[in-house]
Every structure is written in C-alpha cells, then in structure tokens.
Amino acid sequence: MPLDALLDRQLLIISGKGGVGKTTVAAAVSVLVSRYNKRVLVCEVEGKRALSSLFGSDELTPTPRELRPNLYGMNISAEESLKEYFDVQFHMKRLAKPLVASQLVYYVTHAAPGLRDLLMLGKVWHEAVRKKSFDVIVLDTPAAGHAVSMLRSPAGFLQAVPLGPMARNAREVVEWLQDPQKVSILLVSMAEEMPVNESIETTQLLEERLGMDVTATFINMLYPPLYEDRHAEETFRTLENPEQLVEEAKRAKAKLNAKSTAALFEAGSFYLARRDLQQEHRQVLVAAMKDTSRIVDLPFMFRESFGKQEIDDLATVMRDQLAS
Ligand SMILES: Nc1ncnc2c1ncn2[C@@H]1O[C@H](COP(=O)(O)OP(=O)(O)O)[C@@H](O)[C@H]1O
Ligand SMILES: [Mg+2]
C-alpha cells in the first residue's frame, strides 16, 4: 500500500514543475503523515513564506518551528547550511560567523558544482539521520530546481572534490539518498501537456539513472464533475443552447433567472470542455505509469483562499486514495 511507504520513509522529496502545487502538496502530505502519530518536519528550500502562510505561521527559519501538533517547519538555505556545517563538523563557530558574513561564502557555495544542493541535502540528512529528531522529513524543492539534478549534486560534487571531510560526508549523503527504503520521491503534476510529459520523463530518469523510486504521483487541480449527480452532467452535455437549459430547469422545477441563463450555459460548457481535456492528459500520464495505485488525483479547490482547512481537506483526499 503506497501509504505505508509514505509513513516509513525518512525523507519524502516533493518534485515537479513550478506552479503545479508542490508547496501545497508538501503541506498536505506533511499533515497526512503527522496524523499517523509521526513527528514530521517539512522543509522549504530558500523561499520562506509559502509554506508558513499555508499554516498561518510566521516566516520559517533554519530552526524547526512547530506548525501544529507533530508537525514542524523549517527553512533551508545553502548559506545557513554551510555555517552550520562548519559549526557541527569542526566546532568552528568563531570562524563560521565571519565566514558566512563574507563574500567567501558566496564564492564557495557557487564554485563547486552542486555544492549548494549538497549543502542543503546535507542539512536534511543531518536532521534525519544524525539528530533523528523527526520520523519523516518532507522536502519541498525550489521552483526553478529540478529534483533529478538536485539529487545528482552530491555525486557531481564528489567527482570534483573527491577528498577531504566534505567528500566523506557527501558520500554518506549519496548512499542515504539512494536507499529506496529511506528516501522516496513524490511527484506533483497537473493534467496539462507539459507537466504530464515532464512527469513521465522525470519518473524514468529517477528510476533508470538514480535507481530512485517514485512512491506517488499527484495529479493536482483536476476539475471535479460539474454536478455531483452524473445524470445531471450527462443531461447538460446534451444541451445545445441556453434555451434548452431553460427548458431543463423548468422540467426540474428549478428557478433560473433568464438573464443569467446564457452565462450559465457558457460557463458550464467551458467547464466541461476543460474537464474533458484534463481527463485526456491525465489518461496519458496514467497509461505511462507502471503502477496506477501510486496515482493520486487531487481536485481543484474552488475556494476563496488557500489555508489550513484546504490543506486538511487535501490530506484527507490523499488518504482515501493511498490507503485503499
Ligand atoms: N488543488 C488545488 N486547488 C486550487 N488551487 C490550488 C491547488 N493546488 C495549488 N493551488 C494553488 O496554485 C498555486 C500554486 O501552488 P503552489 O503549491 O505554490 O505551487 P508550487 O509550489 O509548485 O509553485 C497557489 O496559489 C495554490 O494555492
Ligand atoms: Mg513552491
């Protein structure tokens, strides 16, 4: 059952194109896992506000902050991670402070290939494996970043800098990241052409090149049926013009303002066309996946704003599909 995999891993990496709902899904997955009595840490990389605002909390910091019972949030940046790395590894607090304030950090963190990602993954590893203060860590990856290149970064760094304490740590991080019992990837996609193609590609790259397991693929923002009653939707589909909608309304003894009929008809037709198109794209993604029990459909939530309630509702939708 895919839900077990979510609950048993030390790290869940949320991956997908910017704008598909990664941060939203990271928040909902964290809530879902925390409901099973797990201590969860959700990490936002570089950005600080998107996650915290979903939970109505202050900006996240490099120190975990409680967002709700069993659920903590943290911000990760390469610079802060480097500073902490020096503190922890070499007890060089005095050295680390001026170092971080200097241009040198900028240089160091941009010089070696993949070092920025490695520092951030190293920080996550430190929390998960060394400190063991959380059962499950959820990592929301940056919008511009790509999970595949991020996950390759420790290996890239090792090629460039094969010796020394950093390389030793990088090797440990690489081994950990490649252990499918400890780390898994959650993909977020949308039922549109580009995200679907990208998700298929990413799944293959992760599995073939990195041997990493995609535990679940979330297809986000799917339009729900137009009516809860399937017959009503079928009836709507047979209508050819607003006049016929008026007729239908009369038959169903529903009141319909004549002025709004045309707009309603337009909106309904548009909605259904979009929904059909989404279903076509969704089908392409489903057909490319080996194991369809790992696909989770998430509805587009037509709400005024997005906050705690919406995240909770999405977590429940996830549970219903992952636990079956
Ligand atoms: N299921 C959904 N229903 C409605 N709006 C959503 C849904 N998922 C995400 N959104 C909205 O889409 C926007 C992008 O989501 P976000 O999680 O920030 O994406 P990403 O982190 O991938 O850039 C946000 O405004 C968010 O509230
Ligand atoms: Mg985001």
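Since this is a predicted model, take the numbers as computed values, not measurements.

**Q** Got a minute to help me understand the overall build of the protein in this structure?
**A** Within the protein one finds 14 helices and eight strands. With the C-alpha coordinates of the protein rotated into their principal frame, the extents come out at 80 × 40 × 40 Å. When each of the 324 residues of the protein is scored for burial, the buried share is 36%. Once local pairs closer than 6 in sequence are excluded, the contacts in the protein between residues at least 24 apart make up 69%.

**Q** Would you mind going over the site of ligand 1 with me for this structure?
**A** Inspection of the region around ligand 1 gives 15 residues, with Gly21, Lys22, Thr23, Thr24 and Phe306 positioned closest. Broken down by secondary-structure element, the contributors of at least two residues to the shell around ligand 1 are helix H2 (22–34) and strand S7 (214–222). Top element by residues in the shell around ligand 1 is H2. It accounts for three residues. Here the shell around ligand 1 is composed, by residue class, of eight nonpolar, six polar and one charged.

**Q** Looking at this structure, how should I read the environment of Pro154?
**A** Structurally, Pro154 can be placed in helix H8 (residues 147–160). Linking Pro154 and Ala167, residues 13 residues apart in sequence, is a C-alpha distance of 8.7 Å. Every residue in contact with Pro154, bar those within four places of it in the chain, is listed here: Gly114, Leu118, Leu121, Ala170, Val173, Val174 and Leu177.

**Q** What is the right way to look at the pairing of strand S4 (residues 71–76) in this model?
**A** Sheet faces and side chains relate simply in a regular strand, where the side chains alternate between the two faces. Taken across its six residues, S4 has six buried, putting it largely inside the fold. Of the two faces of S4, the one carrying Leu71, Gly73 and Asn75 and the one carrying Tyr72, Met74 and Ile76 are both buried. Where strand S2 (residues 40–45) and S4 come together, six bridges link them in parallel fashion. The residue of S4 that forms the bridge with Leu41 is Tyr72. The pairing of strand S3 (residues 65–68) with S4 spans three bridges and is classified as antiparallel. Within the sheet, the bridge partner assigned to Arg65 lies in S4 and is Gly73. Here S3 folds back onto S4, and the loop between the two strands holds two residues, one of which, Asn70, carries a positive phi near 70°.

**Q** Just checking my understanding: could you explain helix H14 (residues 308–322) for this structure?
**A** Every α-helical turn comprises 3.6 residues, leaving residues that sit three or four positions apart pointing alike. Its 15 residues place the ends of H14 21 Å apart at the C-alpha level, agreeing with the 21 Å of an ideal helix rising 1.5 Å per residue. Burial in H14 covers these residues: Ile311, Leu314, Ala315, Met318 and Leu322. Take H14 and look down its axis: the buried residues cluster within an arc of 105°, on one side only. Among the exposed residues of H14, those oriented more than 90 degrees off its buried face are Gln309 and Asp320.

**Q** Just checking my understanding: could you explain the nonpolar core for this structure?
**A** Side chains of nonpolar character tend, in soluble globular proteins, to be buried together. Judged by nonpolar contacts, the single largest core of 75 residues is most densely connected at Leu12, Ala28, Val29, Cys43, Val124, Ile137 and Val138. Once residues within four sequence positions are removed from consideration, Val124 is found in contact with Leu11, Cys43, Ile76, Ile137 and Leu139.

**Q** What exactly am I supposed to notice about the environment of Leu205 here?
**A** Residue position: Leu205 is located in helix H10 (residues 193–209). Spatially, the C-alpha atom of Leu205 lies 7.3 Å from that of Val148, the residues being 57 residues apart in sequence.

**Q** Could you clarify how one ought to interpret the sheet that holds S3 in this entry?
**A** In any sheet, the strands associate via hydrogen bonds between backbone groups, in a parallel or an antiparallel arrangement. With mixed pairing, eight strands are arranged side by side in an open sheet as S3-S4-S2-S5-S1-S6-S7-S8. Edge positions in the sheet fall to S3 and strand S8 (295–299), since each has one partner strand and no second. This sheet shows a mean twist of 25° between the axes of neighbouring strands, independent of strand direction. Inspection of the sheet shows strand S1 (residues 11–15) paired to strand S5 (residues 136–140) by four bridges, in the parallel sense. Residue pairing in the sheet places Ile14 in a bridge with Asp140 of S5. Where helix H13 (residues 258–288) meets the sheet, its contacts fall on strand S6 (183–190), S7 and S8, and the angle it forms with S7 comes to roughly 175°.

**Q** Sorry if this is basic, but what is going on with the pairing of S2 here?
**A** With six of its six residues buried, S2 lies for the most part within the structure. A two-sided burial pattern is seen for S2, the buried positions comprising Val40, Val42 and Glu44 on one face and Leu41, Cys43 and Val45 on the other. Alignment of S2 against S5, held across five bridges, turns out to be parallel. Paired with Cys43 across the bridge in S5 is Leu139.

About the criteria used
- Residues numbered from 1 in each chain as written.
- Chains lettered and ligands numbered in written order.
- Predicted model: local features only at pLDDT ≥ 70, side-chain atom pairs only at ≥ 80, totals over all residues.
- Helix = DSSP H or I, 4+ residues; strand = E, 2+ residues; numbered from the N terminus.
- Buried ≥ 20, exposed ≤ 12 C-beta atoms within 10 Å, placed from the backbone.
- Contact = placed C-beta atoms within 7 Å.
- Near = placed C-beta within 6 Å.
- Nonpolar A, V, L, I, M, F, W, Y, C, P; charged D, E, K, R; others polar.
- Pairing = 2+ DSSP bridges.
- Expected span 1.5 Å × (residues − 1).
- Arc of directions from axis to C-beta.
- Core = buried A, V, L, I, M, F, W, Y, C linked by C-beta atoms within 7 Å.
- Axes fitted to C-alpha atoms, helices over the stretch in contact; angles between N-to-C directions.

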